[in-house]
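Listed below are the residues making up each chain.
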Amino acid sequence: MIAVITGDIINSRELPDEWIGTLKAALEGLFGKNINWEIFRGDSFQIELNAKDALINAIYIKACIKTLKGADVRIGIGLGKKTINAEKVTEANGEAFVNSGGAFDALKITKVNMAIKTPWPNFDEELNLFIKLALITMDSWSQISAEMVKYAIENQNTKQDKIAKISGRSQSSVSEALKRAHFTEIMELENRYRILIAKLIKK
């Protein structure tokens, strides 16, 4: 069981050229082992990674991109088996790849910027509702809030005073930005995802 993330940068042609460097840095900073990623068609990307790490990395990519003014990203997460191996992630295939593409293609129809598709429809229904609610906040992150979420994910289990030093901001500023971003609640969603996926994979 693997996860595949398929995504693209929204309205990339209207953004400063620095977005590509921000995207590459985000992909290079992903969490977990055996992560394979590729940027293609200019502003699209695909990632193969462990199923349990899919949501935290999707949130991380979104935070990184939203540190740029006016930037955002669409992300489709797919879980399933891999049947065809390839050196390039875009040339591999299997259930996870099909599900990721399906989730991504449905984003414009459903008018949301993140969704998941797995072999378990009941799980999809529940988690996609949670993601939709989380997007009310995530889609509205300011550049500062997104930057603090990025630092907080990169430095999990680290006290806010250290994040303040890393970011060059005061601890109160970091605390307020993370509060506005509803970071605690979003991490509760991420933890819930891990728990449910672990149970489903064991069945």
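Relevant structure appears above.
Residues numbered from 1 in each chain as written. Predicted model: local features only at pLDDT ≥ 70, side-chain atom pairs only at ≥ 80, totals over all residues. Heavy atoms only, no water.

1. Overview of the side chain of Glu190
Relative to the helices and strands, Glu190 resides in helix α9 (residues 183-202). Classification of Glu190 by relative accessible area gives buried; the value is 6%. A distance of 2.6 Å separates the side chain of Glu190 from the side chain of Arg194, its partner in a polar contact. Excluding anything up to four places from it in sequence, Glu190 contacts Lys52, Leu55 and Ile56. (Helix = DSSP H or I, 4+ residues; strand = E, 2+ residues; numbered from the N terminus. Buried < 20%, exposed > 50% of the residue type's maximum accessible area, 1.4 Å probe, protein only. Polar contact = N/O pair within 3.5 Å; in protein donor to acceptor, adjacent residues only side chain to side chain. Contact = heavy atoms within 4.5 Å.)

2. Brief notes about unusual backbone geometry
A positive phi is found at Asn34, a non-glycine position, where the angle reads about 55 degrees. Within the secondary structure layout, Asn34 lies in the loop between α1 (19-28) and β2 (36-40). Even without a glycine there, the phi angle at Lys111 is positive, about 60 degrees. Relative to the helices and strands, Lys111 resides in the loop between α4 (107-110) and β5 (114-117). On the basis of relative accessible area, Lys111 is assigned to the exposed category, the value being 74%.

3. So, the sheet that holds strand β3 (residues 44-50)
Pairing is mixed in the open sheet, where five strands are placed in the order β2-β3-β1-β4-β5. The open sheet has two free edges, formed respectively by β2 and β5, since each of these has just one partner strand. The sheet shows a mean angle of 15 degrees between the axes of neighbouring strands, taken without regard to direction. Pairing of strand β4 (residues 73-80) with β5 involves four bridges; the strand directions are parallel. Across the sheet, the residue bridging to Ile75 is Met114, located in β5. (Pairing = 2+ DSSP bridges. Axes fitted to C-alpha atoms, helices over the stretch in contact; angles between N-to-C directions.)

4. Topic: the packing of aromatic side chains
The tally for this structure, following the rule as stated, stands at three aromatic pairs. Where Trp120 meets Phe123, the ring centres are 6.5 Å apart and the plane angle is 85 degrees; that geometry is what we call edge-to-face. Residue class for Phe123 comes out buried when judged on its relative accessible area of 6%. Taken together, a centroid distance of 6.2 Å and an interplanar angle of 50 degrees make the contact between Phe123 and Tyr193 tilted. Here Tyr193 lies in helix α9 and Phe123 lies in helix α5 (residues 121-138), a separation of 70 residues in the sequence. According to the relative accessible area criterion, Tyr193 is buried, its value standing at 0%. (Phe/Tyr/Trp six-rings, centres within 6.5 Å; stacked < 30°, edge-to-face > 60°.)

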